[in-house]
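Structural overview
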Amino acid sequence: MDHYDNIQTKGSNERFKVINYRKAITAIRALDYEITSEEMALKVPRVGKKIAQKIGECVSLGRIKKLDHLNWDNERQQVETLFKSVYGVGSEKTTEWYNKGLRTLDDLRKLPDLTKNQISGLKYYDDLLKRIPRSEVAQIGKVVESAAKQLHLDIESRVTGSYRRGKPDCGDIDIVIARPNVDNGDELFAIMNHLMRELINQGFLVDHLSLPTWSDDMANRPKHFKYMGICKLPGPDAVHHHIDILIVPWIHLGAVLLYFTGNDICNRSMRLLAANRGMRLSDKGLFEGVIRGKNRKRVNEGRWVAGRTEREIFEYLKIDYLEPYEREC
Ligand code: DCP
Ligand code: MG
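Heads up: these notes are all about the structure in this document. This is a predicted model, so every value here is computed, not measured.

Where helix α2 (residues 13-29) contacts helix α15 (residues 264-276), the axes come no closer than 11 Å and their chain directions differ by 115 degrees. Comparing the axis directions of α2 and α15 gives the class roughly perpendicular. In the packing of α2 onto α15, the handedness of the crossing is left-handed. Contacts between α2 and α15 involve R15, F16, I19, R22 and K23 from the first element and D264, I265 and R268 from the second. Within the contact of α2 with α15, the residues separate by chemical class into 3 nonpolar, no polar and 5 charged.

Encoded structure:
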């Protein structure tokens, strides 16, 4: 999967292979027995013929032949994988830097033309790699919630992402905030401003990766605002983490919770299901009356029919509600 992930580009065959590997890995992880042959692997749901064959090689040879041929552990691949693990670095840069002779993170640190995000990615590199224990994610969620509630007591703040799916540890913290019956951009932006000011003053937000933007035409219509940054709890040993905070219209809250709870494969499946029923699912809601032309390209927006709550989206799609912990696809 890592190999295909390294070489995939948008819409490529490799991208689908990554998804198939992910599905197979999730299915195998959920087993309570050991796989000792290709035949056994093939019986596992979501494990296809080719993946089963590779599992067979792992079991009998201790390696995958295809990877020998690809020279998996060659230097270029190792260095490019290292560079790509820095926040804000994409595949084009990794190749350019390797070709220039750069090999280590310290080599990158000396570059004069790093973007602001790459500088932050390098600065907090070790911390950002660390998984965040569930208890710490909960603590961080409380810090953000208390700061939001200082402005209006009825503001709702939810920790989503892998945390909401019940994972024991998380890669980052994903927070969604909304206020009952508030949809307008100006009111939501005011909440975002208050929250950012408060959390920066507390020393909780220490670096910003992406700030929400404002334009006057947002004032009277529903608008989503996204903040991405680096946070830390108080104390000398606190670890820096990546945090995303979304402030969204009340009317879209269900659709946003659904999207940001994921996982990404589950989101894909639900979007596909909606499309197959002539609908469209986004982080704004479920839309009906969607017309698709050539190559399934959409020709209209459709009418918004559900999105205030997650349950109404499931109901409209006529599928059984999935609890967040069941959304591990
Ligand atoms: N998401 C998606 N497609 C993407 C990226 C994200 O559908 N390409 C959605 C589903 C994810 C959610 O956003 O669950 C949050 O994104 P994260 O990258 O934070 O993923 P998780 O929270 O699920 O995992 P992690 O523990 O790695 O943060
Ligand atoms: Mg996450």
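What follows is about the site of ligand 1. What surrounds ligand 1 is a group of 15 residues, the closest being S162, R165, G171, D172 and N267. Take T261: an N or O atom from its main chain is 3.5 Å from an oxygen atom of ligand 1. Contact with the protein chains removes 66% of the 550 Å² of surface that ligand 1 exposes when unbound. Sorting the residues of the shell around ligand 1 by element identifies α12 (161-164), α14 (253-261) and α15 as the ones contributing at least two each. Element by element, the count of residues in the shell around ligand 1 is highest for α14, at 3 residues. Residue composition of the shell around ligand 1, grouped by class: 3 nonpolar, 7 polar and 5 charged.

This next bit is on the coordination of the magnesium ion (ligand 2). Coordination of the magnesium ion (ligand 2) by the protein is provided by D172 (OD) and D174 (OD), with metal-donor distances spanning 1.9 to 2.1 Å. You can call D174 buried: its relative accessible area is 11%.

The biggest cluster of nonpolar side chains holds 32 residues, and the ones touching the most others in it are V144, I177, L195, L199, F204, I243 and I245. Sorting the residues of this core by element identifies α11 (134-149), β4 (173-178), α13 (185-201), β6 (225-231) and β7 (241-247) as the ones contributing at least two each. Looking at which element gives the most residues to this core, the answer is α13, with 7 residues. Counting 13 residues, the second largest nonpolar core, distinct from the first, contains V86, W97, Y98 and L114.

Each value, and the rule that gives it
Residues numbered from 1 in each chain as written. Chains lettered and ligands numbered in written order. Predicted model: local features only at pLDDT ≥ 70, side-chain atom pairs only at ≥ 80, totals over all residues. Heavy atoms only, no water. Axes fitted to C-alpha atoms, helices over the stretch in contact; angles between N-to-C directions. Helix = DSSP H or I, 4+ residues; strand = E, 2+ residues; numbered from the N terminus. Parallel < 35°, antiparallel > 145°, perpendicular 65-115°, else oblique. Left-handed = near helix turned anticlockwise from the far one by under 90°. Contact = heavy atoms within 4.5 Å. Nonpolar A, V, L, I, M, F, W, Y, C, P; charged D, E, K, R; others polar. Near = heavy atom within 4 Å. Polar contact = N/O pair within 3.5 Å; in protein donor to acceptor, adjacent residues only side chain to side chain. Areas by Shrake-Rupley, 256 points an atom, 1.4 Å probe, with all protein chains shown as cover. Donors = N, O, S within 2.8 Å, 3.2 Å for Na, K, Ca; no water. Buried < 20%, exposed > 50% of the residue type's maximum accessible area, 1.4 Å probe, protein only. Core = buried A, V, L, I, M, F, W, Y, C linked by side-chain atoms within 4.5 Å.

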